[in-house]
Each structure stands twice: as structure tokens, then as C-alpha cells.
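These are the residues of each chain, in order.
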Amino acid sequence: MSAKHAQDPHAHSHDHDHKHDHAGKACSAQPVASVIEGVPDCCGGETKASSSKLGAAVTTANGVQTPIRILQMDCPTEEALLRSKLGGMAGVSGMEFNLMQRVLTVTHEPSAIEPILQAVRSLGFTPEIAKSASTGAPPAPEKAKPWWPLALAGVAAAASETVQWAGMPVWVVATLALAAVLGSGLTTYKKGWIAITNGNLNINALMSIAVTGALLLGQWPEAAMVMVLFTIAELIEAKSLDRARNAIQGLLQMTPERATVLQADGSWLDVAAKSVALNAQVRVKPGERIALDGKIVKGRSTINQAPITGESMPVEKTEGDPVFAGTINESGTFEYSVTAAANDSTLARIIHAVEQAQGAKAPTQRFVDQFARIYTPVVFAIALAIAIIPPLLLGGDWYAWIYKALVLLVIACPCALVISTPVTIVSGLAAAARRGILIKGGVYLEQAHRIKAIALDKTGTITEGKPKLVATEFVASNVPEWQVLRWAADIAAQSDHPVSKAIAQSLDSGSSTLEEFTALPGRGVQARVDGQMLVLGNHRLIEERGLCSSTIEAYLKDQETMGRTVTLLASSTQVLVIFAVADTIKESSREALVELKRLGVATVMLTGDNTVTAQTIAKQAGIDDARGNLLPEDKLAAIESLQAQYGVCAMVGDGINDAPALTRADVGIAMGAAGTDIAMEAADVVIMNDDLRRIPEAIALSKKTQSVLYQNISLALGIKAVFLALAVFDGATMWMAVFADVGASLLVVANGLRLLRK
């Protein structure tokens, strides 16, 4: 247990590094930055969960993990080839694909790296081993190919069609068609040949077979136009995918490359931000963007934090407040101490987390994967049967039936269907991040719209989390009041809990000898102070010690009825003093709870505070139900009961005090995570600005994402079904089949990108 956890008198101290699946079952602990699953293979390949972020090779218990950047690997087609090629190699024990960042992480024996790189090169790819940790920067784009060969190929294809219509000699038509095919399709043929030789029927292989078959059948203009249209559509699709891939990368460009840093001689020097050391002092003038994360040490200002929190209004900042890289200083000049390196800023970690989450499989995507593994071989078998059986058994015309089979081959690859889900999920994740909602995977984005009940922690979630000491009642008459207050201040000063901090800030600490400080989860803390054991904790703790009296109970009831949190300091024999602390409900919380009710989501408050206080706060905030005096195991049981009653349930907490409940909930949501590693790693969804209104926004975005997913699946399957039927009944030509394939892909990509609209 960390020191921070041990110092928490009222919080529940337990491990917070957790992940869980959409059913709520606890899984192995993994940081957010390391959790990813590959984008599905549109032609039947599988994907596995990834567990390493881009960086230099690292040694694990299973071998060496080497991240390899492959610029040509941007589609499930390439993933399937790599899986087929590397899967059977000796020394390779695992592969993890991040297609959005074009990174393949291979787990292998130390001596196997060169054969692995050679195998990748044999597929026509250019592998590059990453030398350093990821900074969140996008991979360098592949060198742009000249456009004029494709333009000339298009002219040649159109000319071939024209001269055939004009009745010119066949050799002229054939020459123009071949020129068009060679000008636009050499890359497709190369990729297709590599796929076929590796036993993979991807879209390049199917297209190569279909165009070659059309040429052999003498369908010169059609073969030429099919190859040109396919190549153009592939380029448009690649551009569309780049937009989805880089949807979040624009945020990183908001971070300035240089910072004004205080030097040893007292001068200020403009230096590269990536070279600035921790604890260095940086100055920011009005209108400048902040280059690094830090804490203000001098001055004050208002700062636009939209890149981090999604807030549209500037936030007041003064000495001691955190500032974040990429945000904008709007008014005053201030100086801050750097708390994180450039490649580890909050913004960089948000971007990296979204990049890693982009490939995570949602339930809909898993269904599509299973469908795709069956679809392509089935359609290929049907095409083969159509080409052979009618001519052999029914006396059909070989030419006509082979042509039908070739049309079916063009339709056979389910790229449009499979690509529809990752593009939609990526767009949804990026749209959420722009609103200050960090969702760690498609499974949680898709799960959010199913939420029927939300359990909420009180302090810092529903309330401001900045309580103030409003009343002090001395109980013991045999100990000087100044002594009691000094002991209370010294113990409270050791805690990070908001209630204890409020007590410590209101009292003057002394120089007590503090020993044996121990956290009592869900109750408070105890410590030996000046030689005697004291406890500082809640009503439950005092009752368990048998120190309550009718007078104390009456006073506590009065304070709790007013919605105040009561903390008591006691020795082994008597209660010394009672502190009443009040916290205010956020106005944004009331608005959020109204919106959640409109969405049909039940709300329940779970807190370690006493039941009377809990019910008072819940009534003021507009919460349906409140449960108080809860220990960590009680909150866990409450989540399980809510799941039994409502179904899918979410838990909202601070990411530190509510780990068991966050783990058990179907969706764990952490509040106030700007700059905190623990919250970033603990929850499935992180609200970056403490604003509960982001939760109904996330649910609404989830509903919209689900709607787009269904639209895309319907589009892809519907278009395929129509053209498959047309192909069988002589109503579809090969160029129409191309539109059925790549046209459907473009439609679903464009539809998925709608989620990026503001």
C-alpha cells in the first residue's frame, strides 16, 4: 500500500490498478497505456490483446518484446499476411498489432529478431525498430507516390472503352486496357501475388484474380476500368482512415516546442521543451501556450484548459495550482515548476491512452470478426462452384459462368463490413477525448449506452470535494483545548482525505511526536501521539470503540441532519473533540443528475459517511437513493445488488478510494483525473474536469456510436447482398462489383467519421 493510501483516514485503502471486462469480472491489473487489442482482420485473421506501448525492446518473462513500425501496415489485410508469415516461425511466441499507429510488437527469442525483420521484408514491407519510447507523435507518413501514372491509367481505361464503342480493332482496345491495368494495378498485383503465395485470399488477391480473368475472357475495357476504379477507391479510403487515425493527434500539436526556462545565473533562456528537466522553473506570458505540466510557484492567471478537460470557460489559477501542457495562458504572467517531462505530460498520456484504446474490440466488432472469418471462404467457394458446376453438369456457357464467378470474387472480401466498426469506434473515442472524456476502449464506449444505474461516491464526485470546518465541539474537560487541537491538527496533516485536510488547514499544527500511523479503512486513522494512542475517524469507529454517549449521539444527529460530515478525535478511554465539516454540492452535479434521470438511469449514492448525512445530501442533489456507513466490501456488495436489480451498472468515484466497487461495476468512471496517474490507470472512463455532466454526454455519445455501428453494418451487408444477387442473376458487371466493395467501404468510413463533428 502506498503512503498516500495509508494516510487516508476515511477512505478505503486498497489497490487501484485494475481492469475488468464488460461483464464486470475482475481481470489482471494493467496500466491504461498498456491495454490494447488489434483491429480485426477483414479477411479472416485474428487479433490478440496488446500489452506494450511503442518504445524500445523490453525483456519479459515470455521473451523479448520488440515494437516494429511498418508504414505499409495500415489495414487488416496486412495484419493477416504478417500473422500468416510470422505465426509459424520458430522463436516467435506472440504478436500484438496496433494498426492505427502502424506498430507490430513481436514477442520473440533474442536471436530471432533478424529472421523476423527478413520475413517482414519478404512481404514487401519496410520494418523499422522503434528506438525510444513513444511521445504520442504520429508515425511519419509513407512517401507520397506520384499521381500522374494513375491519371494516365484512367485516361487509358476511358480511351479503351471509347475505342471499343467506336468499333476500332481489338488490338487497340487491348493495348489501351493493358496500359491502364499496368499503370494503376502493379501494386495490387504485387500485393496479390504475395498474399496468394502465403495462402491468403485478401482483397488484393481476389482483385488480381478477377482482373486477370477478365483480361483472359477478352473483357478489356471492363478489366481496365475495374483496376483503375479500385486503385482510386483504395486511395480515398486510405485518406479517410488517416483522418480517423489522426483524429486525436491535432491536440498534440497544441504543445509548443520551446519554453522559457530560468537559468542558474537568474537569466531566462528559450530552450527546447523536450530538454527541460523536472523541477525546472518556466515562465509563461499572456497569450502563450504552456509547454509542460507543472505547478504554479509565482503569479496567477486564467487558463483555457479545453485540450485537457473539454471546458469552454477559462479556469482561475494561482500559486500551488497545477497547469497542463497544451493549455493557453489567457491573462497574467506566471512561473511554474515542471512536474512531468514533455513525453509524459497529461496531454501526451491522454493521446497515448486514446491511441491504445482505438484498437480495442467492442462486442459488435467481435461479432463482425467471426462473421468475416466465414464470409470470404464461403463466397470464394460459391464463386468456384458457379464457374465449374453449371458448365460441367448443366451444359452452361463457360464464358458466361466464369464471368459471373469473377464478379463474385470482387464482392467476396468483407472489407466494408469489417472496417466499419474500428473507424466508428475510433471516431467515437476521439470525439469523447475532445470533450474531456477519456474512454479506454471500444468495449466501454459501446457499453455506456446500456447503463441502467449509476452509483456515485459523495466527496469530490457529487460535492466540491473542498469541505470546510464549520463547527468544533470539545467533549473532554480533563485535557486542555489547545492540546486537543494540536493533536488533531498533527494527525489530520498526515492524511490526504478532503475532510482531514479541511481540519488540518483550519487548525495550527504543533510539534507532537507522531508514531505508528495506521490507516483504518472505511473508519479513519490511528497514531501514537506524545506517547498515547489516539484515533481520528468517523461515527462508526467511535461506536466500535465503545466511546459513544447519549450526549455525543444527540450532537452527531443534529450535525448529520444538516448534511455535515462528523469526525471525532478520541483516546482509548474518551472522545476528546468533535469536528463538523460541510461540503457544498456542485451545481453541475444537480444538472447532471437531472439529465441522467431523463435518460432513464437510476442514481444511487454510496458513501462511508453516516446514513443521515448521506440521505440529506442525496435529497439536496436529487439522487434516487443513498446508502451510508459503507466499508469497501459494502460498496462492492451494493454494486452487485444494483447489477442484480437493474442490469448494467456504472460506478463513479475518485479513482483512489473506491477500487473494489469500480472493479466490479460494468463501467468504472474516475473523476478529477487531470494529472493523476492512479486515476488514469484505475478506471475504464476518466472524466478530466470533475464535471458529472460529462457522464450523460458519454452515454449520449455511446448511443450515437451504437446507432452508427448498426447503420454501417446494415449498409455493408445490404449492399453486398444486393450485388451478390445481381451477380448470380446476370444483373451485375465487374465494375459494379467494384462499387459494391470499395464503394461500400467509403460509405461506412464517411458515416463513421460523422462522430468527429463538433
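Higher on the page you've got the structure.
Residues numbered from 1 in each chain as written. Predicted model: local features only at pLDDT ≥ 70, side-chain atom pairs only at ≥ 80, totals over all residues. Heavy atoms only, no water.

**Some thoughts on the overall build of the protein**
Step number 1: Across its full length, the protein carries 26 helices and 31 strands.
Step number 2: Counting every position in the protein, which comprises 758 residues, the buried fraction comes to 56%.
Step number 3: Contacts spanning at least 24 positions in sequence make up 70% of the contacts within the protein whose residues lie at least 6 apart.
Step number 4: Summing over all exposed atoms, the protein offers an accessible surface of approximately 30600 Å²; the carbon and sulfur share of this is 57%. (Helix = DSSP H or I, 4+ residues; strand = E, 2+ residues; numbered from the N terminus. Buried < 20%, exposed > 50% of the residue type's maximum accessible area, 1.4 Å probe, protein only. Contact = heavy atoms within 4.5 Å. Areas by Shrake-Rupley, 256 points an atom, 1.4 Å probe, with all protein chains shown as cover.)

**Structural notes on the sheet that holds strand 10 (residues 258-262)**
Step number 1: Overall, antiparallel pairing links the six strands, which are arranged 11-10-12-18-13-16 in an open sheet. In this open sheet, the two strands that pair with only one neighbour each are strand 11 (268-272) and strand 16 (322-323).
Step number 2: Relative to strand 12 (residues 281-284), strand 10 runs antiparallel, the two being bridged by two bridges. Paired with Thr260 across the bridge in strand 12 is Arg283. (Pairing = 2+ DSSP bridges.)

**Examining the side chain of Lys404**
Step number 1: Following the sequence through the fold, Lys404 ends up in helix 12 (residues 398-411).
Step number 2: The class for Lys404 is buried, based on a relative accessible area of 9%.
Step number 3: Ignoring anything within four residues of it in the chain, the contact list for Lys404 reads Ile386, Ala727, Val728 and Asp730.

**Examining the packing of helix 13 (residues 415-434) against helix 26 (residues 734-753)**
Step number 1: Running from N to C, helix 13 and helix 26 cross one another at 15°; their axes reach a closest spacing of 8 Å. One element, helix 13, and the other, helix 26, form an angle in the roughly parallel class. Helix-helix and strand crossings are classified by hand; for helix 13 and helix 26 the assignment is right-handed. The segment helix 13 lies against helix 26, with Cys415, Ala416, Ile419, Ser420, Val423, Thr424 and Ser427 engaging Asp741, Ala744, Ser745, Val748, Val749, Gly752 and Leu753.
Step number 2: Looking at the contact of helix 13 with helix 26 residue by residue, the classes come out as eight nonpolar, five polar and one charged. (Axes fitted to C-alpha atoms, helices over the stretch in contact; angles between N-to-C directions. Parallel < 35°, antiparallel > 145°, perpendicular 65-115°, else oblique. Left-handed = near helix turned anticlockwise from the far one by under 90°. Nonpolar A, V, L, I, M, F, W, Y, C, P; charged D, E, K, R; others polar.)

**As for the packing of aromatic side chains**
Where two aromatic rings form a pair, the distance of their centres and the angle of their planes describe that pair.
Step number 1: For the structure on display, the rule yields one aromatic pair.
Step number 2: Consider the rings of Phe334 and Tyr336, whose centres lie 6.2 Å apart with planes at 45°: the pair is tilted. Judged on exposure class, the residue Phe334 and its partner Tyr336 are both buried.
Step number 3: A cation over a ring is seen here: Lys404 above Trp401, with NZ or CZ 3.8 Å from the ring centre. (Phe/Tyr/Trp six-rings, centres within 6.5 Å; stacked < 30°, edge-to-face > 60°. Lys NZ or Arg CZ within 6 Å of the ring centre and 35° of its normal.)

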